[in-house]
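Observations on the three-dimensional arrangement
If you want the building blocks of each chain, they are given just below.
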Amino acid sequence: MEILTLYNVTLINGDGIGPEITDAVVKILEASGVKINWDLQTAGADVVAAGDVPLPNRVIESIKKNKVALKAPVTTPIGKGFRSVNVQLRRELDLFANLRPSKNLPGIKTPFNDVDLIVVRENTEDLYAGIENKINEDRVEGIKLITRQGSTRICKWAFEYAVKHNRSEVCAVTKANICKLSDGLFLECFREVSKEYPNITPREILVDNLCMQLVQNPSQFDVLVLPNLYGDIVSDLCAGLIGGLGVAQGANIGLDCAVFEPVHGSAPDIKGKNIANPTALLLSAIEMVKHLGEFEIAQKIQNALFKTLREGKVLTCDLGGSAKTTEFRDEIIKNLS
């Protein structure tokens, strides 16, 4: 009789639609046969409303203990309010690599049918470091932080990913023609790291040129490695190539911990309506299951999701259907068998 491993995983169910899509994904994982002991943690707007800080220390300690987390979207106020929980998590846990695969999914019609690229985004530096100074009422300055250490390790991570996943090319994306010192340092580190990987082709491109070429011929790209801000923008562009943020998975990975999460927002306008699409969180969870070493179960879940999408009979409204979140969930569970 096979004895299944029990995994301890931190579960952050987020706010807005977070709890709804989290419940759907947890039920799908349970039906798949993977054994997970969920350590439920809360963070974000709902926690603030209850009188706590947006990212309580208990959340950080839980992830440090379990090493793996599945996280639903958490609201980030725009222009005011508390700072992004996502940014805080990455900084506190040194989750320096943001992994954003973009690959066409069955049944989802897009302008391109051959998208299969990986965005590797540096997660802790650049303008996202949040170093801003208000000089006076009419002047604010932001500091673009790029270090040799941070640039070298994200470039190494991208090349190692390429080797591990049989990718042939890694392309550095910068604006080094203008930001000659900051992006210049990133590019210098990329060139040095590339020498250690003779079997992987290095490529360089300016970020504005990349954006143009992505919407003309995305299949020419394989693995992209970018500083933080460019990576944030380009990864969402790539999500648009495969159907939007509702089907875009993500992960934030460090040396000790990994947090798997979708990249879309918390959509508070549809909270509680049971119409949210859990696909992005489910795809992120599938990557988490692979990270745990349960490759057969991960493939089983992916097959069930892809069958549901391909058949197109039970889809949420953003995918062209009329199904509720729970109905979409149940259809995937049915297709697990």
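Look up: the structure comes first, before these words.
Please read all numbers here as calculations on a predicted model, not as lab measurements. (Residues numbered from 1 in each chain as written. Predicted model: local features only at pLDDT ≥ 70, side-chain atom pairs only at ≥ 80, totals over all residues. Heavy atoms only, no water.)

**Quick look at the sheet that holds strand β5 (residues 116–122)**
Overall, mixed pairing links the ten strands, which are arranged β2-β1-β3-β12-β11-β4-β5-β10-β8-β9 in an open sheet. The open sheet terminates on both sides in strands that have one partner only, identified here as β2 (35–41) and β9 (201–206). If you compare each strand with its neighbour and ignore which way they point, the axes differ by 25° on average. Here strand β3 (residues 68–71) runs beside strand β12 (residues 258–260); their pairing, made up of three bridges, is parallel. (Pairing = 2+ DSSP bridges. Helix = DSSP H or I, 4+ residues; strand = E, 2+ residues; numbered from the N terminus. Axes fitted to C-alpha atoms, helices over the stretch in contact; angles between N-to-C directions.)

**Describing the packing of helix α3 (residues 57–66) against helix α4 (residues 85–93)**
A pair of packed helices is captured by two measures, namely the crossing angle of their axes and the spacing between those axes. Viewed as axis vectors pointing N to C, α3 and α4 meet at an angle of 50°, and their least axial separation amounts to 11 Å. As judged from the angle between their axes, α3 and α4 are oblique. By crossing handedness, the relation of α3 to α4 is classed as right-handed. In this structure, α3 contributes Ile60, Ile63 and Lys64 to the contact, and α4 contributes Leu89, Glu92 and Leu93. (Parallel < 35°, antiparallel > 145°, perpendicular 65-115°, else oblique. Left-handed = near helix turned anticlockwise from the far one by under 90°. Contact = heavy atoms within 4.5 Å.)

**A few points about the packing of aromatic side chains**
For the structure shown, the criterion picks out three aromatic pairs. Ring geometry for Trp157 against Tyr161: centres 5.8 Å apart, planes inclined by 20°, an arrangement best described as stacked. Highlighted residues: Trp157 and Tyr161, both in helix α5 (residues 148–164), separated by four residues, approximately one helical turn. Both residues of the pair, Trp157 and Tyr161, belong to the buried class. (Phe/Tyr/Trp six-rings, centres within 6.5 Å; stacked < 30°, edge-to-face > 60°. Buried < 20%, exposed > 50% of the residue type's maximum accessible area, 1.4 Å probe, protein only.)

**Considerations on the pattern of salt bridges**
Two side chains that carry opposite charge are able to pair once their charged atoms sit near each other. Per the counting criterion, the structure on display carries 21 salt bridges. The shortest N-O distance in the salt bridge between Asp94 and Arg153 comes to 2.7 Å. On the criterion of sequence distance, the pair formed by Asp94 in the loop between α4 and β4 (97–103) and Arg153 in helix α5 is long-range, its members being 59 residues apart. A relative accessible area of 33% means that Asp94 is categorised as partly exposed. (Salt bridge = Lys/Arg side-chain N within 4 Å of Asp/Glu carboxyl O.)

**Describing the pairing of β2**
Sheet topology note: the strand β1 (residues 6–12)/β2 ladder contains seven bridges and is parallel. If you follow Ile12 over to β2, its bridge partner there is Gln41. Viewed along the sheet, the connection from β1 through helix α1 (residues 18–32) into β2 turns out right-handed. (Right-handed = clockwise from strand over helix to strand, strands pointing away.)

**A few points about the nonpolar core**
Of all hydrophobic cores here, the largest spans 86 residues; its most connected members are Leu29, Val225 and Met288. Residue contacts for Leu29: discarding those within four places in its chain leaves Val34, Ile36, Trp38, Ala285, Met288, Val289 and Ile301. (Core = buried A, V, L, I, M, F, W, Y, C linked by side-chain atoms within 4.5 Å.)

**Observations regarding the side chain of Thr10**
Looking at the element boundaries, Thr10 is found in strand β1. Taking the relative accessible area as the measure of exposure, Thr10 reaches 0% and is therefore buried. Within polar-contact distance, the side chain of Thr10 engages the side chain of Ser62 at 2.6 Å. When neighbours within four sequence positions are excluded, Thr10 is seen to be in contact with Asp39, Gln41, Ser62, Ile63, Asn66, Val68, Ala69 and Leu70. (Polar contact = N/O pair within 3.5 Å; in protein donor to acceptor, adjacent residues only side chain to side chain.)

**Digging into the environment of Ile143**
Positionally, Ile143 belongs in the loop between β7 (139–142) and α5. Put simply, Ile143 and Asp126 are 17 residues apart on the chain and 7.8 Å apart in space, counted from C-alpha to C-alpha. Ignoring anything within four residues of it in the chain, the contact list for Ile143 reads Asp126, Leu127, Ile131 and Asn133.

**Let's talk about the environment of Ser235**
Turning to its location among the elements, Ser235 is positioned in helix α8 (residues 228–241). Distance from Ser235 to Asn166, taken between C-alpha atoms, is 21 Å for residues 69 residues apart in sequence. Setting aside anything within four residues of it in sequence, one finds Ser235 in contact with Arg100 and Val119. Polar contacts involving the side chain of Ser235 include one to the side chain of Arg100, which spans 3.0 Å. Of note is the side chain of Ser235, whose polar atom sits 3.1 Å from the backbone oxygen of Asp232.

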